[in-house]
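Each chain, written out:
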2 protein chains.
Amino acid sequence: MDAVSVIRALGALAQEHRLAAFRLLVQAGSEGLPAGALAEATGVPASSMSFHLAQLANAGLVTQRRVSRSIIYAADYAAMGGLMAYLTENCCAGEGCLSETACAPDTISERPGISQERPEIPQERNVS
Amino acid sequence: MDAVSVIRALGALAQEHRLAAFRLLVQAGSEGLPAGALAEATGVPASSMSFHLAQLANAGLVTQRRVSRSIIYAADYAAMGGLMAYLTENCCAGEGCLSETACAPDTISERPGISQERPEIPQERNVS
DNA sequence: TCCATAATTCGACAATTATCGAACTATGGA
DNA sequence: TCCATAGTTCGATAATTGTCGAATTATGGA
């Protein structure tokens, strides 16, 4: 996933109503939900929701298909996976940002190797 | 991490120059980099970079500390970890979006359980 | 064909975001 | 004290984003 796609995906999720809609779609699974249901569930007018869904679709995070009069949106897990992979590789210190709960449920919440207080530079002070 | 913080963090990363700066900071590690180095490395004017760094700081993704005349920025791995945790929990189907390479290097690139073609709904068709 | 439903597109507007030079603040050295 | 360096803040401006009612398109049933 290239940086441009990543920025588009991040921007698509960086909005209250779009994040809410996407979360609903993730919960809904591959069946998806019609646009109207998303508008109603989030309390957003239909035309506004349509605008937001177009952004999510443009970012590749959701797919859309028509079933009778409804247009069903569904989360694209592969795209989300690509985003997660990019962030893990480029924006985390190795795998440092991932919770290890999926792999090692006993090691939690304390990540060695990344010092929080940086004692090696004593003369520094925080900016107000 | 609450939804508001997540939206702020996503929005902070959803911009070309900020994503570039943050990636540099992640690479730089806990030592961090001064604002000027980030401006020079990205080719962004100092005042613009200052604006972007303020956004990253406001989102909690970077820390800043003064060392002599320089202000050193550093990636906040804990914040990034919080963001990743939120996305994993709320925007992925369980752990479905995470590559298993960190845990199981032999199982790659084909994730069972998430069908890409959804053959169970045959009468659908894509929206043009 | 006619009507109701589901959704998108249009248009106008407000709000936010991005850009960048100029002015300003803080720090440290001569 | 005076000057140079490192950054931020200010101000003006352009561009993008978000909102929502009204108009439009697509579909299916009577």
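Residues numbered from 1 in each chain as written. Chains lettered and ligands numbered in written order. Predicted model: local features only at pLDDT ≥ 70, side-chain atom pairs only at ≥ 80, totals over all residues.

A.B. asks: Even after reading the chapter, I still don't get the overall build of chain A, so can you show me in this structure?
C.D. replies: A tally of regular secondary structure across chain A gives 5 helices and 4 strands. Along its sequence from the N terminus, chain A presents helices and strands in the succession α-α-β-α-α-β-β-α-β. Burial analysis of chain A (128 residues in total) assigns 31% to the buried set. Of the contacts formed within chain A by residues at least 6 apart in sequence, a portion of 51% connects residues at least 24 apart. (Helix = DSSP H or I, 4+ residues; strand = E, 2+ residues; numbered from the N terminus. Buried ≥ 20, exposed ≤ 12 C-beta atoms within 10 Å, placed from the backbone. Contact = placed C-beta atoms within 7 Å.)

A.B. asks: Looking at this structure, how should I read the protein's contact with DNA strand D?
C.D. replies: Around DNA strand D, the surrounding shell holds 23 residues, and the nearest of these are Ser47(A), Pro34(B), Gly36(B), Ser47(B) and Ser50(B). Put simply, the parts of the chain that give the surface near DNA strand D at least two residues each are helix H4 (46-58) of chain A together with helix H3 (35-42), helix H4 (46-58) and strand E3 (70-75) of chain B. With 6 residues, the single largest contributor to the surface near DNA strand D is H4(B). The residue makeup of the surface near DNA strand D, split by class, is 10 nonpolar, 11 polar and 2 charged. (Near = placed C-beta within 6 Å. Nonpolar A, V, L, I, M, F, W, Y, C, P; charged D, E, K, R; others polar.)

A.B. asks: I'm lost on the protein's contact with DNA strand C in this one. Help?
C.D. replies: Around DNA strand C lies a shell of 23 residues, among which Pro34(A), Gly36(A), Ser47(A), Ser50(A) and Ser47(B) are the nearest. Elements with a contribution of two residues or more to the surface near DNA strand C: helix H3 (35-42), H4 and strand E3 (70-75) of chain A together with H4 of chain B. Per-element tally for the surface near DNA strand C: the top contributor is H4(A), with 6 residues. Partitioning the surface near DNA strand C into residue classes produces 10 nonpolar, 11 polar and 2 charged.

A.B. asks: What am I meant to see in the confidence of the model for chain A here?
C.D. replies: Atom-level detail of predicted coordinates should not be read off regions where pLDDT is low. Here chain A shows a mean pLDDT of 83. Residues at 70 or above account for 73%. Overall, residues 104-125 of chain A carries pLDDT values under 50, and its contacts beyond four positions in sequence, including any with other chains, amount to 13 contacts. (pLDDT = per-residue confidence, 0-100.)

A.B. asks: It is not clear to me how the pairing of strand E2 (residues 62-67) of chain A should be interpreted in this structure. Could you clarify?
C.D. replies: Side chains on a regular strand alternate between the two faces of the sheet. Residue and element names in this part refer to chain A. Of the strand pairs in this sheet, E2 and E3 are connected by 6 bridges, and their pairing is antiparallel. Looking across to E3, one finds that glutamine 64 is bridged to tyrosine 73. Hairpin remark: E2 followed by E3, antiparallel, with 2 residues in the connecting loop; positive phi at serine 68, about 55°. (Pairing = 2+ DSSP bridges.)

A.B. asks: Is there a simple way to think about the packing of helix H2 (residues 16-28) of chain B against H4(B) in this case?
C.D. replies: Helix packing geometry: the angle between the two helix axes and the distance between the axes. Residue and element names in this part refer to chain B. In contact at an axis separation of 10 Å, H2 and H4 are set at 70° when each is read in the N-to-C sense. On the basis of the axis angle, H2 is roughly perpendicular to H4. Between H2, through His17, Arg18, Ala21 and Phe22, and H4, the contact on the second element is made entirely by Met49, His52, Leu53, Gln55 and Leu56. Looking at the contact of H2 with H4 residue by residue, the classes come out as 5 nonpolar, 3 polar and 1 charged. (Axes fitted to C-alpha atoms, helices over the stretch in contact; angles between N-to-C directions. Parallel < 35°, antiparallel > 145°, perpendicular 65-115°, else oblique.)

A.B. asks: Looking at this model, I keep getting lost on the nonpolar core. Mind explaining?
C.D. replies: Among soluble globular proteins, nonpolar side chains are generally buried collectively. If you look at the biggest cluster of nonpolar residues, it comprises 62 residues, and the most contacted ones within it are Phe22(A), Leu61(A), Phe22(B) and Leu61(B). Beyond its immediate sequence surroundings of up to four residues, Phe22(A) is in contact with Leu13(A), Leu56(A), Leu61(A), Ala75(A) and Cys91(B). (Core = buried A, V, L, I, M, F, W, Y, C linked by C-beta atoms within 7 Å.)

A.B. asks: Quick question: what am I supposed to make of the packing of H3(B) against H4(B) here?
C.D. replies: Residues and elements named next belong to chain B. Orientation of H3 relative to H4, taken along the N-to-C sense of each, is 115°, at an axis distance of 9 Å. Relative to H4, the element H3 lies roughly perpendicular. Of the two possible hands of crossing, H3 and H4 adopt the one that is right-handed. Together, Ala35, Gly36, Leu38, Ala39 and Thr42 of H3 and Ala46, Met49, Ser50 and Leu53 of H4 make up the contact between the two elements. Here the residues of the contact of H3 with H4 are counted per class, giving 6 nonpolar, 3 polar and no charged. (Left-handed = near helix turned anticlockwise from the far one by under 90°.)

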